[in-house]
Each structure stands twice: as structure tokens, then as C-alpha cells.
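Coordinate inspection notes
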Amino acid sequence: MRHGTTSIGDALREFMNKSRMKPRLTEVRIQENWEQIMGKTIARYTQSIQLIDGKLIVTTTVAPLKQELTYSKDKIIKLVNEMLGESIVKDVMIR
């Protein structure tokens, strides 16, 4: 590349990092990869996934699953952040 030019990919990445859309796009990436991260059974009984200010909010109506996810908060944070490639999720809340 020439001096002073950037690739389209780099320009888009920089734009997304500065954009207000990044948190919403991150949430969508987590939702799309939830089954891969947590497995089919957990994904099947998960009703919604939201990311608000570094807090991942997982909603389910299955009591045993709530209990299991509550005990696995650190693992969920680790797996989601690994999938994202950066440390975005700081806490998990199970509802």
C-alpha cells in the first residue's frame, strides 16, 4: 500500500470502534454464536441475551438452567470474551 493509505477493512474497523453501533453489533455477535459458545441444550432454553454496559444479561425460565448458569458465570465471561477476541463482558446476570 501507498504511504498514508489504509485498507478498507482497517478503515471499517476503526469506524466501528469509534461508532455508537459497536455495543449493539457486539450483542448481535454474541447472540449469533451463543449455541456454539454454550451448546445446543443451553441455547435452546435461553430466551434472550442482552449486552448492556459490559454486563451480559441472559434470560431463561428454566430454574435448573438458571442455577447452572449462575454457577458458571466466570466460565461464560471467559468463553464470550474469547469468542469476541477482546475483554468486553465484565459481568453476567441471569434472569
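Quantities reported herein were computed from a predicted structural model and do not represent experimental measurements. (Residues numbered from 1 in each chain as written. Predicted model: local features only at pLDDT ≥ 70, side-chain atom pairs only at ≥ 80, totals over all residues. Heavy atoms only, no water.)

Turning to the pairing of strand β2 (residues 55-59), a few remarks are in order. Within β2, 4 of the 5 residues are buried, leaving the element largely enclosed by the surrounding structure. What sits between the antiparallel neighbours strand β1 (residues 48-52) and β2 is a turn of 2 residues, in which aspartate 53 has the positive phi angle 50 degrees. As defined by bridge partners, β2 adjoins strand β3 (residues 91-94) across 4 bridges and the pair is classed as parallel. Bridge pairing in β3 places lysine 55 opposite aspartate 91. (Buried < 20%, exposed > 50% of the residue type's maximum accessible area, 1.4 Å probe, protein only. Helix = DSSP H or I, 4+ residues; strand = E, 2+ residues; numbered from the N terminus. Pairing = 2+ DSSP bridges.)

Attention now goes to the confidence of the model for the protein chain. Within the protein chain, residue pLDDT values average 91, and 97% of them lie at 70 or more. The lowest-confidence element of the protein chain is helix α1 (residues 8-18), averaging 82 in pLDDT; the highest-confidence one is β2, averaging 97. (pLDDT = per-residue confidence, 0-100.)

Now for the nonpolar core. One finds Ile30, Trp34, Leu56 and Val80 to be the most contacted residues of the largest nonpolar core, which totals 20 residues. When residues no more than four places from it in sequence are discounted, the contact partners of tryptophan 34 are Gly39, Ile42, Ala43, Thr46, Ile49, Leu56, Val58, Ile76 and Val80. (Core = buried A, V, L, I, M, F, W, Y, C linked by side-chain atoms within 4.5 Å. Contact = heavy atoms within 4.5 Å.)

It is worth spelling out the sheet that holds β1 at this point. Taken together, 3 strands build an open sheet; the order of strands is β1-β2-β3 and the sheet is mixed. Of all the strands in the sheet, the pair left with one neighbour each is β1 and β3. Adjacent strand axes in the sheet meet at a mean angle of 20 degrees when their direction is disregarded. Where helix α2 (residues 22-38) meets the sheet, it contacts β1 and β2, and its direction lies at approximately 150 degrees from that of β1. (Axes fitted to C-alpha atoms, helices over the stretch in contact; angles between N-to-C directions.)

Our focus in this paragraph is the pairing of β1. Of the two faces of β1, the one lined by Ile49 and Leu51 is fully buried and the one lined by Ser48, Gln50 and Ile52 carries no buried residue. Relative to β2, β1 runs antiparallel, the two being bridged by 5 bridges. Looking at β2, one finds that isoleucine 52 is bridged to lysine 55.

What follows deals with the side chain of threonine 59. Position of threonine 59 among the secondary structure elements: in strand β2. For threonine 59, a relative accessible area of 19% puts it in the buried group. What threonine 59 contacts, discounting residues up to four positions off in sequence, is Thr46, Gln47, Ser48 and Arg95.

Before going further, it helps to spend a moment on the pattern of salt bridges. The tally for this structure, following the rule as stated, stands at 3 salt bridges. Between glutamate 27 and arginine 24 there is a salt bridge, with the nearest N and O atoms lying 2.8 Å from each other. On the criterion of helical spacing, the pair formed by glutamate 27 and arginine 24 is a turn pair, its members being 3 residues apart in helix α2. A relative accessible area of 13% means that glutamate 27 is categorised as buried. Overall, arginine 24 belongs to the partly exposed group, its relative accessible area being 47%. Here lysine 78 ties to glutamate 82 by a salt bridge, and the two come within 3.7 Å at their closest N and O atoms. Placement of both lysine 78 and glutamate 82 in helix α5 (residues 73-84) is noted, with a separation of 4 residues, approximately one turn of the helix. (Salt bridge = Lys/Arg side-chain N within 4 Å of Asp/Glu carboxyl O.)

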